[in-house]
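# Structural characterization, general
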Amino acid sequence: MLDLLRQFQHEDKHFDFRVKKDDQGRLVAIVWMTSAMRKAWLRYGDTNFLDAMMRKLSALHWPYIGPVVMDSEKRIFPICECLCVLEALEYYAFALLAVFDMEPGRSKKSIRLIFGDLKINKSLLLLLGLPQGEKHWVVWDSFHLMKKVWPEYLGNQIFCLVQENLSAMLYANTRELFDQAVSEIEGKLRSNTRALEYLGNYWKQYTSFGEDNPPSHDEA
C-alpha cells in the first residue's frame, strides 16, 4: 500500500500522505490527502466532523477515520482518509495533525468546532495543542447520536421510549434543563442498568464541560 501511495504522490504533486509507527517500528496508521481534500480543508476547515467506521465483518479490523467538513449548503467533503489499528483519540489527533502538516495553509487557531460522539472529548484539543473554550470547542454531534449511535446501542424499543428526553438533553442550554431531562430518562429506565450506565458516560462528559459551558450540538 505504501508503494501505491508513493506512486500517487509522484504522479500528483497535490497528493500527500503520512504514516505512524509504534515504538517497535510497526505501522499503526496511514493518512492521505488528495487535491480535492486539500481544497475542502482550506475552504471549510474551521468546523470538523469526526467519526470512525469499523465494519464488524472486516477481517483486518483497521478502523477507517474520515474527517469531513461542510459547506453552506450542507454538502459534505472529506479532508483526509486514515486507516489505523484502533479507534482512539491519539489516532484522531494523528489524522488531524497530519492534515495541518500536509496543508499548512490553514492554521490550528482557525479551528472553531470539532463535532463527534462520546469517543471525541476535550482531551483531543490537548493532543492538538489547542485550549478548550472561547475559540476552540469539542461538541456532541447530535445528528449522529440520535440517528445512529443511540438507536443502535439502546435498541429501537428503549430508544423510542426516551427519544424525546434524549433530544431535550442534547439541546438543553442550561444545567437545569439538562438535569431535568436526565432525571426523566432515569425514571423511565430505572430497571435497565445497562442503558443507564451507558448514558451515564454522556452525563459525566457534560459535567466535565462545566455548568457555564455545556456541550453544544450539531443542527445538521
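Above this text you will find the structure in question.
Everything in this summary refers to the structure shown in the same document. Every residue gets a number counted from 1 within its own chain, in the order that chain's sequence is written. Given that this is a predicted model, residues contribute local features only at a pLDDT of at least 70 and side-chain atom pairs are listed and counted only at 80 or more, while totals for whole chains, interfaces and linings are drawn from all residues. Each side-chain value is derived from all of the structure's non-hydrogen atoms; neither hydrogens nor water enter the calculation.

Further remarks concern the pairing of strand 2 (residues 27–33). Among the seven residues in strand 2, six count as buried, and that is most of the element. Direction of pairing for strand 1 (residues 16–21) relative to strand 2: antiparallel, over a ladder of six bridges. If you follow Val-19 over to strand 2, its bridge partner there is Ile-30. The pairing criterion is simple: DSSP has to find at least two bridges between the two strands. Secondary structure follows DSSP: runs of H or I at least 4 residues long count as helices, runs of E at least 2 residues long count as strands, and numbering of each begins at the N terminus. Remark: five residues form the turn of the hairpin made by strand 1 and strand 2, two consecutive strands paired antiparallel; Gly-25 in that turn has positive phi of roughly 80°. With four bridges joining them, strand 2 and strand 8 (residues 81–84) adopt antiparallel strand pairing. Within strand 8, the position partnered with Val-31 by the bridge is Cys-82. For every residue, the accessible area obtained with a 1.4 Å probe (protein chains only) is divided by the maximum for its type, and the residue is called buried under 20%, exposed over 50%, and partly exposed between those limits.

Moving on to the pattern of salt bridges. Take a side-chain nitrogen of Lys or Arg and a carboxyl oxygen of Asp or Glu: if they are within 4 Å of each other, that pair is a salt bridge. Under the defined criterion, the tally for this structure stands at nine salt bridges. One connected set of salt bridges, linked through shared partners, spans Asp-16, Arg-18 and Asp-101.

Counting residues in hydrophobic clusters, the biggest one holds 33 residues, and the most contacted among them are Val-31, Ile-114 and Leu-124. Discounting chain neighbours no more than four positions away, the residues touching Leu-124 are Leu-50, Leu-89, Tyr-92, Ala-93, Leu-96 and Ile-114. Here, nonpolar core means buried Ala, Val, Leu, Ile, Met, Phe, Trp, Tyr and Cys residues that are tied together by side-chain atoms lying within 4.5 Å of each other. If you look at the next biggest cluster of nonpolar residues, it comprises 23 residues, including Met-146, Phe-178, Tyr-202 and Trp-203. Working rule for contacts: check all heavy atoms of both residues, and any pair within 4.5 Å makes them a contact.

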